[in-house]
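Chain and residue survey
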Amino acid sequence: MAPGLAAVGVIFLLKRSPRAIVELTAVLLIFLLPINAPWMTRNWKVFGRPLSSAMSSATIINQKITPAKAAANVVRNLSLYTRIGSEPVTEMFNKVLSELYAATGEPLYDPD
């Protein structure tokens, strides 16, 4: 659901059209809610929360959220998708992402 919500946010920032936002939100709900509803229902029954257990949330979610940490997380997540089959291109993407990560000022092995 998060990528869908991110898409709504991007369209809002780009178009600023309330109609476009309502239409996209409706489409996302029509497609994403049926896909995620069984898992969210199961989590609600098992953990009392729709996304995960309290223990998982405590270990997965960052304790401190700052713009630098958010940017570092985005870069770190993008780095998971840089291997594309061409070694020189993959190395170039990794180098760019390493420089972007360094620009955030966050340590690479930050436990938080």
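Numbering of residues starts from 1 in every chain and runs along the sequence as written. Reporting in this predicted model follows two pLDDT cut-offs: at least 70 for local features of residues, and 80 or more for side-chain atom pairs to be given and counted; totals over whole chains, interfaces and linings ignore these cut-offs and use all residues. Hydrogens are left out, water is left out, and the side-chain values use all remaining heavy atoms of the structure.

**Comments concerning the overall build of the protein chain**
Each helix corresponds to a stretch of at least 4 residues labelled H or I by DSSP, and each strand to a stretch of at least 2 residues labelled E; elements are numbered beginning at the N terminus. Scanning the protein chain for helices and strands turns up 5 helices and 0 strands. Counting helices and strands in the order they occur from the N terminus, the protein chain gives α-α-α-α-α. Two residues form a contact once any of their heavy atoms are found within 4.5 Å. Sequence-distant contacts in the protein chain: of pairs separated by 6 or more residues, those separated by 24 or more amount to 41%. The protein chains shown are the only cover counted for residues, whose accessible areas, like all others here, come from Shrake-Rupley with a 1.4 Å probe. Carbon and sulfur atoms make up 70% of the accessible area of the protein chain, which amounts to about 8,700 Å² in all.

**Description of the environment of R42**
As for its position among the elements, R42 is in helix α2 (residues 18-47). Measuring from C-alpha to C-alpha, the distance between R42 and S52 comes to 9.8 Å, with 10 residues separating the pair along the chain.

**Here's the deal with the pattern of salt bridges**
Should their charged atoms come close, side chains of opposite charge can pair. We define a salt bridge as a contact between a side-chain nitrogen of Lys or Arg and a carboxyl oxygen of Asp or Glu at a distance within 4 Å. One pass over the structure, following the stated rule, counts 3 salt bridges. Residue R19 pairs with E23 through a salt bridge whose shortest N-O separation is 2.6 Å. Remark: E23 and R19 occur in helix α2; sequence separation between them is 4 residues, near one turn of the helix. Whether a residue is buried, partly exposed or exposed follows from its accessible area with a 1.4 Å probe, protein chains only, as a fraction of its type maximum: under 20%, in between, or over 50%, in that order. Under the relative-accessibility criterion, R19 is labelled exposed at 63%. A relative accessible area of 41% means that E23 is categorised as partly exposed.

**So, helix α4 (residues 67-78)**
Multiply 1.5 Å by the residue count of a helix minus one, and that product is the helix's expected span. Here α4 contains 12 residues, and its C-alpha end-to-end distance of 17 Å stays within 8% of the 16 Å for a straight helix at 1.5 Å per residue. Three or more residues of α4 are buried, namely K69, A72 and V75. Each buried residue of α4 sits inside an arc of 125° when the element is viewed along its axis, so together they form one side. Of the surrounding elements, those touching the buried residues of α4 are α5 (87-104). It is the directions from the helix axis to the C-beta atoms that the arc portrays.

**A look at the environment of S53**
The residue S53 is located in the loop between α2 and α3 (54-60) in this model. Spatially, the C-alpha atom of S53 lies 7.6 Å from that of N43, the residues being 10 residues apart in sequence.

**Details of the packing of α4 against α5**
Two numbers describe a pair of packed helices, the interaxial angle and the distance between the axes. The interhelical angle for the contact between α4 and α5, taken along N-to-C directions, is 165°, at an axis separation of 9 Å. For the element pair α4 / α5, the angle class is roughly antiparallel. For the pair α4 and α5, the crossing hand works out as left-handed. Here α4 contributes A68, A71, A72, V75, R76 and L78 to the contact with α5, which in turn contributes L97, L100, Y101 and T104. Residues are sorted three ways: Asp, Glu, Lys and Arg are charged, Ala, Val, Leu, Ile, Met, Phe, Trp, Tyr, Cys and Pro are nonpolar, and all the rest, Gly among them, are polar. The residue inventory of the contact of α4 with α5, partitioned by class, reads 8 nonpolar, 1 polar and 1 charged. Fitted lines through C-alpha atoms serve as axes, helices being fitted only where they are in contact, and the angles separating the N-to-C directions of these axes extend from 0 to 180 degrees. We call two directions roughly parallel when the angle between them is under 35 degrees, roughly antiparallel when it is over 145, roughly perpendicular when it lies between 65 and 115, and oblique otherwise. Throughout, a crossing is termed right-handed when the near helix is turned clockwise from the far one, and left-handed when it is turned anticlockwise from it by less than a right angle.

**Details of the side chain of T82**
If you trace the backbone, T82 turns up in the loop between α4 and α5. Two N or O atoms form a polar contact when they lie within 3.5 Å of each other; inside protein one atom must be a possible hydrogen donor and the other a possible acceptor, and for residues adjacent in sequence the pair counts only when both atoms belong to side chains. A polar atom in the side chain of T82 sits 2.6 Å from the side chain of N94. Sequence-distant contacts of T82, that is, excluding residues within four places in its chain, are made with T90, F93, N94 and L97.

Geometry only, nothing functional implied.
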